[in-house]
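# Understanding the architecture of this molecule
Residue strings, one per chain:
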Amino acid sequence: MDEMNRRLEDMSLEELWEMFPIVLAAHDRQWEVWAKEEMDGLVGVLARYSPTISHIGSTAIHDIEAKPIIDILVEISADVDWRGVRGEMEAAGYICMSSSANRMSFNKGYTLDGYAERVFHIHFHAVGDNDEIVFRDYLNSHQAIAREYEALKRGLLPRYRNDRDGYTEAKSGFIKKILDIAQM
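Now for a look at the structure at hand. (Residues numbered from 1 in each chain as written. Predicted model: local features only at pLDDT ≥ 70, side-chain atom pairs only at ≥ 80, totals over all residues. Heavy atoms only, no water.)

## Observations regarding the pattern of salt bridges
- Applying the stated criterion across every chain, the model contains twelve salt bridges.
- One salt bridge in this structure joins Arg-48 and Glu-88, with 3.0 Å as the shortest N-O distance. Taken together, the residues Arg-48 in the loop between helix H3 (30-46) and strand E1 (52-56) and Glu-88 in helix H4 (residues 82-91) connect sequence positions 40 residues apart.
- Classification of Arg-48 as exposed rests on a relative accessible area of 63%.
- Judged by relative accessible area, which is 23%, Glu-88 ranks as partly exposed.
- Here the residues in one salt-bridge network are Glu-65, Arg-147, Glu-150 and Arg-154, joined through shared partners. (Salt bridge = Lys/Arg side-chain N within 4 Å of Asp/Glu carboxyl O. Helix = DSSP H or I, 4+ residues; strand = E, 2+ residues; numbered from the N terminus. Buried < 20%, exposed > 50% of the residue type's maximum accessible area, 1.4 Å probe, protein only.)

Below, the structure is given as structure tokens:
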């Protein structure tokens, strides 16, 4: 696994996006089960950091199409040893995709042959930095808005199939608008 992770880490973003295009799939109730299992595993890996762990992203929004990638938010104290957390996550088989002073992102389920059956993005934020939960909860409470979000994603897919950053940026205006409404 370490050799595979090193090979994936050495690929350019363009190579990764080509190998792992954005796809949307019908909502699958199994995503909730997989999220729970992965979160339970993360509790074991991260127990000493007292994390708050939540299923976020489109796979956590009921009945809309989503990339079949389970997004999980791990909130930890800003005061913990973030380098130690990174080391423990990498030792547990996760690939660190980005790291800054108060955020980290890890992937699991990417193989040299493409996506594994279960794919995860684990997002680490400082406690309280959790707009993703507000967004998820708002869309789950407002099905018409969730359908608008789904339509937006479908519309963006042809242009951004192999450009995750562009796809994420193209959704950001909608997400900000919903967060502004939800946080009023």
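## Description of the layout of surface pockets
- What the largest pocket holds in volume is close to 1,300 Å³.
- Lining the largest pocket are 43 residues; nearest its centre among them are Asp-71, Ser-105, His-121, His-123 and Thr-168.
- The element best represented in the lining of the largest pocket is helix H7 (residues 164-182), accounting for eight residues. (1 Å grid on protein atoms, 1.4 Å probe; cavity = no way out; pocket = protein on both sides within 12 Å on 5 of 7 lines; lining within 4 Å. Points joined across faces, edges and corners; volume = space filled by probe spheres on them.)

## Some details on unusual backbone geometry
- If you check the backbone angles, Ser-50 has positive phi at about 50° while not being a glycine.
- Within the secondary structure, Ser-50 is located in the loop between H3 and E1.
- At Asp-63, a position not held by glycine, the phi torsion is positive, near 65°.
- Take Asp-63: it is sitting in the loop between E1 and strand E2 (70-76).

## Quick notes on the pairing of E2
- For E2, the tally of buried residues reaches seven of seven residues, placing the bulk of the element in the interior.
- Residues Ile-70, Ile-72, Val-74 and Ile-76 point to one face of E2 and Asp-71, Leu-73 and Glu-75 to the other, with burial holding for every one of them.
- As paired elements, E1 and E2 share five bridges and run antiparallel to each other. Within the sheet, the bridge partner assigned to Ser-54 lies in E2 and is Leu-73.
- Bridge count between E2 and strand E5 (residues 114-126): seven bridges; the pairing is parallel. (Pairing = 2+ DSSP bridges.)

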